[in-house]
Amino acid sequence: MNPRHIRLLIWKEFTQLRRDPLLLRLLFLMPVLMLVMLGYVVGADVKNLKTAVVDLDHSATSRALVASFEASGYFRIVRHPNDERALRGLLDHGDVVVALVVPEGTERRLRAGRSTELGVVVDGSDSRTASTASGYSAQIVSAFNRRRIEATGVKLQAPGIDARVRVLYNPGLRMVDTMIPSLIAYILLISTMSIMSQSVVRERERGTLEQMFVTPISRGEYLIGKTVPYMLTSIVQMVTVAIVGRLWFGVPFNGSPAVVLSGLFLFMITAVGLGLLISLVSRTRTQAQQTVMFIMIPSMVLSGFIFPIESMPAEIVPLTYLIPLRYAVVVMRSTFAKGSGFDDLAFQLVAMALFAVAIFGVAVARFSKRLAD
Amino acid sequence: MGQAATVGDAATPRERVSSAPSSDMAISVRGLTKRFGTFTAVDAIDFDVRRGEVFGFLGPNGAGKTTAIRMLTGTIAPTAGSALVLGDDVIAKPEKVKRRIGYMSQKFALFEDMTVDENLRFYAGVYDVSGAEFAARRRYILRMADLEGREDELTANLSVGWKQRLALGAATIHEPELLFLDEPTSGVDPVARRHFWDLLYDLADDGVTLFVTTHYMDEANHCHRLGFMYAGRLIAQGSPTEVRAAYAPDGATAGTLPSIEDVFVHLVTAHRDRQEDGA
Ligand SMILES: Nc1ncnc2c1ncn2[C@@H]1O[C@H](COP(=O)(O)OP(=O)(O)OP(=O)(O)O)[C@@H](O)[C@H]1O
Ligand SMILES: [Mg+2]
């Protein structure tokens with residue numbers, strides 16, 4: 001290992017990077033695009049849910065309750081059927097996605113200090129809408145109860161309207177707050193993989209890879225010279241995403257930087273290893289990009305990054321354990337939202353370490369072997 | 001494979017290669033073999049290249065020329081056989097050999113998105129050419145490649161002739177004693193080709209050993225000695241005149257010898273027929 005050779009290779013890589021518009025675009029435009037796309041579109045709060053209200057109580061309380069739903073901005077009341085039986089049709093046709101049923105006698109029971117239930121019917125075909133809607137309903141109802149108690153000044157025995165759903169950890173149910181921490185891991189994966197594989201395949205296409213091994217540059221020096229620059233660029237990318245997420249989207253960070261950094265470091269080794277492996281199986285840059293997509297799609301779908309693993313069919317769930325991004329997503333989310341420590345995340349971190357060692361090890365071994373043939 | 005082992009031996013100017021490899025030679029190869037799986041790309045070849053010689057390595061596509069060069073430059077490990085390069089065992093000590101040899105391929109292996117100067121700087125660093133030495137080499141190469149004043153141009157913007165000469169400069173920046181050139185002139189116009197061979201002769205005059213593969217038969221005539229590869233085997237070797245004489249019809253005089261191209265075609269078809277008969 002000659003440090004001068006490594007410095008030279010890193011200089012070369014950055015010189016080339018500066019002049020490669022495709023790589024530069026990949027490097028800096030992609031995280032920004034993904035941030036905007038996922039931050040605003042996928043991560044956007046569910047708002048203006050079309051709602052039907054069946055008010056069987058026709059009381060001041062029922063009207064105030066409905067009004068507080070409407071005032072939240074999350075529910076837009078579009079129908080007022082007189083009968084619960086009409087709801088089925090409305091939900092079936094997608095005219096509404098949420099229905100509130102205020103039973104007869106709500107006000108009377110509350111006055112008597114008894115509890116009563118509010119019926120919330122949610123269209124479950126979009127699980128995200130459904131969970132968001134039930135979460136918001138629960139919050140609106142409990143706020144309504146609190147106001148009622150404060151207004152009457154009486155400590156009532158029963159809490160009033162029953163709210164069963166409890167939302168843990170992400171009380172605002174802000175999708176961005178879970179999206180951006182995982183996005184950091186996702187961007188790390190996709191950009192490290194594509195840039196690594198692109199730059200190695202390009203060197204093979206142009207014959208400079210072969211040339212390198214006729215010179216006194218050793219395989220180890222070459223690998224370090226190749227991976228270090230892209231590790232540095234992915235660190236810059238991650239920091240950008242984290243800063244934008246923190247300042248622009250106001251994502252809270254409650255965790256320990258040491259845990260996040262350990263997780264990301266292990267994940268970065270995995271991503272570099274995958275990038276090298278891709279460059280070994282791809283002959284052209286286009287093929288390399290296609291292979292990246294081939295890995296990205298299952299990673300996106302099966303990691304819990306976008307679709308919650310809890311709502312996947314039981315037969316699919318075991319597959320998710322094969323997706324390295326799955327562990328990174330848990331680490332990022334838990335540290336950001338819950339401040340989880342090393343012991344909480346031991347399983348994930350060990351799994352990531354195993355993936356890192358296995359994938360990077362196989363990649364380096366195959367890379368040396370391939371060059372020897 | 002192997003049925004063509006002794007084809008044409010009687011008529012072939014197959015120099016008697018001594019059985020032991022010689023460290024006085026620039027290259028001394030015995031039984032060098034490379035198999036990829038069950039396919040034998042290079043099949044037990046023996047030859048010597050003298051120091052200061054221009055050795056032409058000929059053969060049809062897929063004959064195994066590049067594979068042989070890759071073994072001689074220490075890029076890939078042979079399956080069997082031995083190879084002394086500049087007196088050192090390239091299999092055991094590839095690192096030692098690599099500093100003393102240069103390699104230029106058909107692809108030129110320049111970084112297209114780096115400037116002329118950056119390419120030279122890079123290859124100088126790779127061979128640990130020191131600052132003062134580099135300044136002198138750089139000046140020399142820029143003049144040789146006719147690139148003075150174009151140091152800051154992107155390599156991608158150079159036309160092929162200039163790229164080729166820059167690649168030669170990069171491959172010789174550390175003043176190697178032995179230079180491998182794998183089809184260095186393909187895709188280059190005849191004038192640039194002539195110019196390039198002038199540069200190769202300059203190197204040869206300076207005592208550099210050249211090992212060149214080519215598909216241009218006029219270039220083969222420029223070499224001191226030739227080796228013909230076919231299907232992984234070395235089927236003939238000798239000086240251009242020796243080779244031409246060996247395949248001349250009876251009674252041919254110096255003026256009526258077949259051309260190298262005729263010999264090449266003759267050798268290839270004869271071996272192909274042999275193999276088909278054998279199969
Ligand atoms: N890494 C490899 N794996 C498998 N087969 C290979 C490998 N490298 C070369 N070959 C095969 O070995 C044979 C010899 O190839 P080589 O490139 O040495 O030929 P060549 O004489 O240089 O041909 P050309 O004139 O076309 O450059 C070819 O059939 C080729 O397909
Ligand atoms: Mg070849």
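Scroll up to find the structure this text is about.
The rules behind each value
Residues numbered from 1 in each chain as written. Chains lettered and ligands numbered in written order. Predicted model: local features only at pLDDT ≥ 70, side-chain atom pairs only at ≥ 80, totals over all residues. Heavy atoms only, no water. Helix = DSSP H or I, 4+ residues; strand = E, 2+ residues; numbered from the N terminus. Rg over C-alpha atoms; globule rule 2.2 N^0.38 Å. Buried < 20%, exposed > 50% of the residue type's maximum accessible area, 1.4 Å probe, protein only. Contact = heavy atoms within 4.5 Å. Areas by Shrake-Rupley, 256 points an atom, 1.4 Å probe, with all protein chains shown as cover. Axes fitted to C-alpha atoms, helices over the stretch in contact; angles between N-to-C directions. Parallel < 35°, antiparallel > 145°, perpendicular 65-115°, else oblique. Left-handed = near helix turned anticlockwise from the far one by under 90°. Nonpolar A, V, L, I, M, F, W, Y, C, P; charged D, E, K, R; others polar. Core = buried A, V, L, I, M, F, W, Y, C linked by side-chain atoms within 4.5 Å. Pairing = 2+ DSSP bridges. Near = heavy atom within 4 Å. Polar contact = N/O pair within 3.5 Å; in protein donor to acceptor, adjacent residues only side chain to side chain. Buried area = accessible area lost by both parts, 1.4 Å probe. Salt bridge = Lys/Arg side-chain N within 4 Å of Asp/Glu carboxyl O.

Caption draft 1: Layout of the overall build of chain B. When you go through chain B residue by residue, the secondary structure sums to nine helices and ten strands. Its C-alpha atoms give chain B a radius of gyration of 19 Å, within 12% of the compact-globule value 19 Å for 279 residues. With the principal axes as the frame, chain B shows a C-alpha extent of 60 × 45 × 35 Å. With 279 residues in all, chain B has 56% of them scored as buried. Once local pairs closer than 6 in sequence are excluded, the contacts in chain B between residues at least 24 apart make up 68%. Summed over its atoms, the accessible surface of chain B is roughly 11500 Å², and 49% of this surface lies on carbon and sulfur atoms.

Caption draft 2: Here's a closer look at the overall build of chain A. Within chain A one finds 14 helices and six strands. For chain A, the proportion of its 373 residues judged to be buried stands at 51%. Restricting the contact set of chain A to residue pairs at least 6 apart, pairs at least 24 apart contribute 78%. Of the roughly 17400 Å² of accessible surface on chain A, a fraction of 63% belongs to carbon and sulfur atoms.

Caption draft 3: Molecular detail of the packing of helix α5 (residues 160–171) of chain B against helix α6 (residues 190–205) of chain B. All names here are of chain B. Their axes nearest at 10 Å, the elements α5 and α6 cross at an angle of 15°. In terms of axis orientation, α5 runs roughly parallel to α6. Handedness of the crossing formed by α5 with α6: right-handed. Of α6, the residues touching α5 (which contributes Gly-161, Gln-164, Arg-165 and Leu-168) are Ala-192, His-195, Phe-196, Leu-199, Leu-200 and Leu-203. Per-class residue counts for the contact of α5 with α6 are six nonpolar, three polar and one charged.

Caption draft 4: The arrangement of the nonpolar core in detail. Counting 131 residues, the largest nonpolar core has Leu-168 and Phe-228 of chain B as its most contacted members. By residue number, the principal contributor to this core is helix α7 (residues 175–206) of chain A, which donates 15 residues. Excluding anything up to four places from it in sequence, Leu-168 of chain B contacts Met-104, Met-144, Leu-179, Leu-181, Phe-196, Leu-199, Leu-200 and Leu-203 of chain B. One finds Ala-26, Phe-57, Ala-63 and Leu-72 of chain B within the second-largest nonpolar core, a separate group that totals 29 residues.

Caption draft 5: Looking closely at the sheet that holds strand β1 (residues 49–55) of chain A. All names here are of chain A. Strand order in the open sheet formed by four strands is β2-β1-β3-β5, and the pairing between neighbours is mixed. Sheet topology places β2 (75–79) and β5 (119–122) at the edges, where each strand pairs with a single neighbour. Sheet twist, expressed as the average angle between the axes of neighbouring strands with direction ignored, equals 30°.

Caption draft 6: Structural context of the site of ligand 1. Taken together, 14 residues are adjacent to ligand 1, and Gly-62, Gly-64, Lys-65, Thr-66 and Thr-67 of chain B come closest. Near ligand 1, the surrounding residues are drawn from chains A and B. Within the contact set of ligand 1, an oxygen atom lies 3.2 Å away from a backbone nitrogen or oxygen of Ala-63 of chain B. For ligand 1, an oxygen atom lies 2.9 Å from a polar atom in the side chain of His-215 of chain B.

Caption draft 7: Main features of the sheet that holds strand β9 (residues 225–230) of chain B. All names here are of chain B. Spatially, six strands are ordered β6-β7-β8-β3-β9-β10 in an open sheet, and the strand pairing comes out mixed. Of all strands in the sheet, those bounded by a partner on one side alone are β6 (101–105) and β10 (233–238). Strand-to-strand twist across the sheet, computed as the mean angle between neighbouring axes with direction ignored, equals 15°. Inspection of the sheet shows strand β3 (residues 54–58) paired to β9 by four bridges, in the parallel sense. Bridge pairing in β9 places Phe-55 opposite Arg-225. Along the sheet face, α5 touches β6 and β7 (178–182) and points at about 160° away from the line of β6.

Caption draft 8: Region of interest: the packing of helix α9 (residues 219–247) of chain A against helix α10 (residues 257–281) of chain A. All names here are of chain A. Following both chains from N to C, one finds α9 and α10 inclined at 130°, their axes separated by 11 Å at the closest point. In terms of axis orientation, α9 runs oblique to α10. Handedness of the crossing formed by α9 with α10: right-handed. Packed against α9, whose contacting residues are Leu-223, Thr-227, Met-231, Ser-234, Ile-235 and Met-238, the element α10 presents Leu-264, Met-268, Ile-269, Val-272 and Leu-276 at the interface. When its residues are assigned to classes, the contact of α9 with α10 shows nine nonpolar, two polar and no charged.

Caption draft 9: View of the side chain of Thr-67 of chain B. Within the element layout of this structure, Thr-67 of chain B appears in helix α1 (residues 65–72). Excluding residues within four positions of it along the chain, Thr-67 of chain B makes contact with Lys-34, Phe-36, Ala-41, Val-42 and Ile-76 of chain B.

Caption draft 10: Expanded view of the interface of chain B and chain A. Chain B puts 30 residues into the contact, and the matching count from chain A is 30 residues. Both sides of the chain B and chain A interface together cover about 2600 Å² of buried area, and 58% of this is carbon and sulfur. The largest share of the area that chain B buries against chain A comes from Tyr-103, Asp-113 and Phe-122 of chain B, three residues that together contribute 22% of it. Summed over the shared surface of chain B and chain A, the result is three salt bridges. Notably, a salt bridge pairs Glu-210 of chain A with Arg-70 of chain B, separated by 2.9 Å at the nearest N-O pair. On inspection of chain B and its partner chain A, the count reaches ten residue pairs in polar contact (both at pLDDT 80 or more). The set of elements that each furnish at least two residues to the side of chain B that touches chain A consists of β1 (27–36), α2 (94–98), β6 and α3 (116–126) of chain B. Considering each element in turn, the side of chain B that touches chain A owes the most residues, six residues, to α3 of chain B. Classifying every residue of the side of chain B that touches chain A by side-chain character gives 13 nonpolar, six polar and eleven charged.

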